[in-house]
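# Reading the structure
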Amino acid sequence: VLMNPILLKPKQDMHAQVVVLGRPLADMSAREYRDDYLPEGEKVVIECIKQLKDRYEILIIEGAGSPAEINLKDRDIVNMKTAAIAEAPVLLVADIDRGGVFASLIGTLELLEPEEKKRIKGFIINKFRGDIELLKPGLDFLEARTGLPVLGVVPYIHDHGIEEEDSVSLTERKTAGAKDALIQIAVLQLPRISNFTDINPLYYLPDTRVRFVKKGERIGAADVVIIPGTKNSILDCLYLKEQGYDEEIKSLARQDKYIVGICGGYQMLGEKLLDPYGTEAGLGTLDALGLLPFITTYGREKTTHLVEAVITSQHGFWRALNGERIKGYEIHMGQTRIEDERGHLLQIRSRSDRAVQVNDGCVNEKGNIFGTHLHGFFDNIPVLLNLVNAVRQEKGLCNLKAEEILIHSRELNYDRVADIVRQALDMEQVYAIMDIRGA
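The rules behind the values
Within each chain, residue numbers correspond to sequence positions counted from 1 in written order. Local features in this predicted model are restricted to residues whose pLDDT is 70 or higher, and side-chain atom pairs enter the listing and the counts only when it is 80 or higher, whereas totals over whole chains, interfaces and linings include all residues. The side-chain figures draw on all heavy atoms in the structure; neither hydrogens nor water molecules are used. Put simply, DSSP marks the helices as runs of H or I at least four residues long and the strands as runs of E at least two long, and each gets a number from the N terminus on. The globule rule used for comparison is 2.2 Å times the number of residues to the exponent 0.38, while the radius of gyration itself is calculated over C-alpha atoms. It only takes one pair of heavy atoms within 4.5 Å for two residues to be counted as in contact. In these tables, accessible area is a Shrake-Rupley quantity obtained with a 1.4 Å probe, and a residue counts as shielded only by the protein chains included in the view. In this count, Lys and Arg are taken as positive residues and Asp and Glu as negative ones, while His and the chain termini are left out. Here the site of a charge means atom NZ of a Lys, CZ of an Arg, CG of an Asp or CD of a Glu. Take the buried residues of types Ala, Val, Leu, Ile, Met, Phe, Trp, Tyr and Cys, join any two whose side-chain atoms come within 4.5 Å, and each joined set is a nonpolar core. Only protein chains enter the accessibility calculation, which uses a 1.4 Å probe; a residue whose area is less than 20% of its type maximum is buried, one above 50% is exposed, and one in between is partly exposed. Axis lines are fitted through C-alpha atoms, for helices just across the contact stretch, and the angle between N-to-C directions can take any value from 0 to 180 degrees. Angle categories are assigned with fixed cut-offs, so that under 35 degrees is roughly parallel, over 145 is roughly antiparallel, 65 to 115 is roughly perpendicular, and the rest are oblique. In this count, Pro and Cys sit with the nonpolar residues alongside Ala, Val, Leu, Ile, Met, Phe, Trp and Tyr, while Asp, Glu, Lys and Arg are called charged and the others, Gly among them, polar. An arc is given here, and it is the one of the directions from the helix axis to the C-beta atoms.

Looking now at the overall build of the protein chain. Of the regular secondary structure elements, the protein chain holds 11 helices and 18 strands. For the protein chain, the C-alpha radius of gyration of 24 Å lies close to 22 Å, the compact-globule estimate for 439 residues. Projecting the C-alpha coordinates of the protein chain onto the three principal axes gives extents of approximately 70 × 50 × 45 Å. Contacts in the protein chain between residues at least 24 apart in sequence constitute 69% of all its contacts with a sequence separation of at least 6. Carbon together with sulfur atoms contributes 50% to the accessible area of the protein chain, which is approximately 22600 Å² in total. Where the 54 positive side-chain charges of the protein chain centre and where its 66 negative ones centre are 2 Å apart.

Next up, the structure:
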């Protein structure tokens with residue numbers, strides 16, 4: 001939480017829950033947040049930076065939007081304000097793929113205060129496609145106009161394999177797999193979707209089409225329906241009902257299709273969502289989809305842990321996974337209560353390196369309707385393999401083997417992108433700006 005100390009969790013238009021260091025503080029309007037909280041929020045940022053500086057040798061601060069939002073800057077605590085608190089040099093990175101890159105960089109500089117401008121040490125151009133020679137006159141002009149160096153031009157990297165930032169990339173998210181693929185997976189694109197990278201491992205499955213179902217579209221004839229994580233389970237459950245998705249999901253469940261919920265999506269599969277303190281939406285009690293026999297209650301505390309767990313279910317294809325150890329992480333508000341202990345999907349054995357025995361998840365007797373709070377669930381190869389093979393068997397397809405599931409290693413992807421960026425940038429200048437020796 002030190003790395004992202006203040007989180008705004010959307011609740012209604014113009015209102016959000018302010019979460020500070022992982023704990024809900026209050027519901028505020030945009031004006032209340034700016035006028036009443038931000039002066040206090042600055043103190044939180046100062047303390048977090050101090051603790052991080054004591055703990056780490058190098059801090060990298062990611063910007064949030066533009067550093068030159070002149071209508072917000074007087075009270076802003078992100079971007080240049082955070083850089084000033086940390087006494088950090090700043091590099092401006094611009095996305096040339098969207099166009100207007102030179103106007104964007106020069107315009108940003110023009111809107112910064114004199115003290116802020118002194119922090120800017122150079123530019124990086126990102127997502128360039130084409131002939132670099134044709135770009136050089138623009139780079140020369142930029143350097144001459146600003147007196148600052150262009151530290152490099154990073155090429156557009158196709159299929160980089162790095163997880164996207166939540167929701168920002170969803171407008172560009174493409175359907176994976178052929179339209180007539182034998183296995184159809186539909187993912188509900190919730191208005192407040194979060195942690196949708198849980199879906200990434202499904203993109204590499206053969207004979208499979210994965211698509212996000214946007215507002216106004218139908219789920220259709222899906223073999224697997226996934227309700228992903230959300231920043232607000234109650235409001236997004238209302239969205240499912242308003243759009244008629246609840247009836248489509250129930251109809252597919254009656255056809256023994258696979259209905260999957262992750263975190264907030266899992267909570268929606270239960271019978272009721274109880275919000276006694278108004279921490280989720282302030283709407284009290286909401287009937288959920290009623291596909292699994294449990295109730296979720298939202299308290300005042302947020303659960304955030306790296307976890308290790310063991311599959312405990314004996315239902316359906318999960319029987320073959322009984323005793324399988326898996327990993328994931330929790331980040332959720334609600335707590336579920338299941339009447340029949342036999343309906344649990346798994347038991348968490350370790351939370352943040354502390355031994356526990358906490359039941360989580362729920363699965364119906366056929367094994368085809370299930371959910372869990374654990375993000376990263378499908379990154380566990382045995383889980384993904386058994387699910388896809390259960391669907392493949394029903395389609396008359398042969399089972400896949402673990403080596404046929406092409407989940408690319410995150411570390412390998414990061415290393416590959418790092419090599420490309422390292423070659424594209426003048427790293428000696430970057431190290432000099434950071435006041436460290438190059439490696």
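What follows covers the nonpolar core. Soluble globular proteins tend to pack their nonpolar side chains together in the buried interior. Formed by 78 residues in total, the largest nonpolar core has its most connected members in Ile219, Leu240, Trp318 and Phe377. Looking at which element gives the most residues to this core, the answer is helix α9 (residues 381-394), with seven residues. Not counting residues up to four positions away in its chain, the partners in contact with Phe377 are Ile262, Ile311, Trp318, Ile326, Leu345, Leu346, Phe370, Thr372 and Val383. The next biggest cluster of nonpolar side chains, apart from the first, holds 22 residues, and it includes Leu105, Phe123, Leu139 and Leu148.

Here the focus is the environment of Leu134. Summarising the element assignment, Leu134 is placed in helix α5 (residues 132-146). Between the C-alpha atoms of Leu134 and Asp74, which are 60 residues apart in sequence, the distance is 39 Å.

Turning to the packing of helix α6 (residues 233-242) against helix α7 (residues 245-254), a few remarks are in order. Packed helix pairs are specified by the crossing angle of their axes together with the interaxial distance, meaning the distance between the axes. At their nearest, the axes of α6 and α7 sit 5 Å apart, and the two run at 80° to each other. The angle between α6 and α7 falls in the class roughly perpendicular. In contact with Tyr239, Leu240 and Lys241 of α6, α7 contributes Tyr245, Asp246 and Ile249. When its residues are assigned to classes, the contact of α6 with α7 shows four nonpolar, no polar and two charged.

Below, the discussion takes up helix α11 (residues 427-434). Buried within α11 we find Met427, Val430 and Tyr431. One side of α11 carries all its buried residues, which in axial view fall inside an arc of 95°. Looking at α11, the residues exposed on the side facing more than 90 degrees away from the buried face are Glu428 and Ala432. Just past α11, the residue Asp435 takes up positive phi, approximately 60°.

Another aspect to go through is the packing of helix α3 (residues 101-111) against α5. Across the interface, α3 lies against α5 with an axial gap of 11 Å and an inter-helix angle of 10°. When the axes of α3 and α5 are compared, the pair comes out roughly parallel. Touching Phe102, Leu105, Ile106 and Leu109 of α3 are Leu135, Gly138, Leu139, Phe141, Leu142, Arg145 and Thr146, all from α5.

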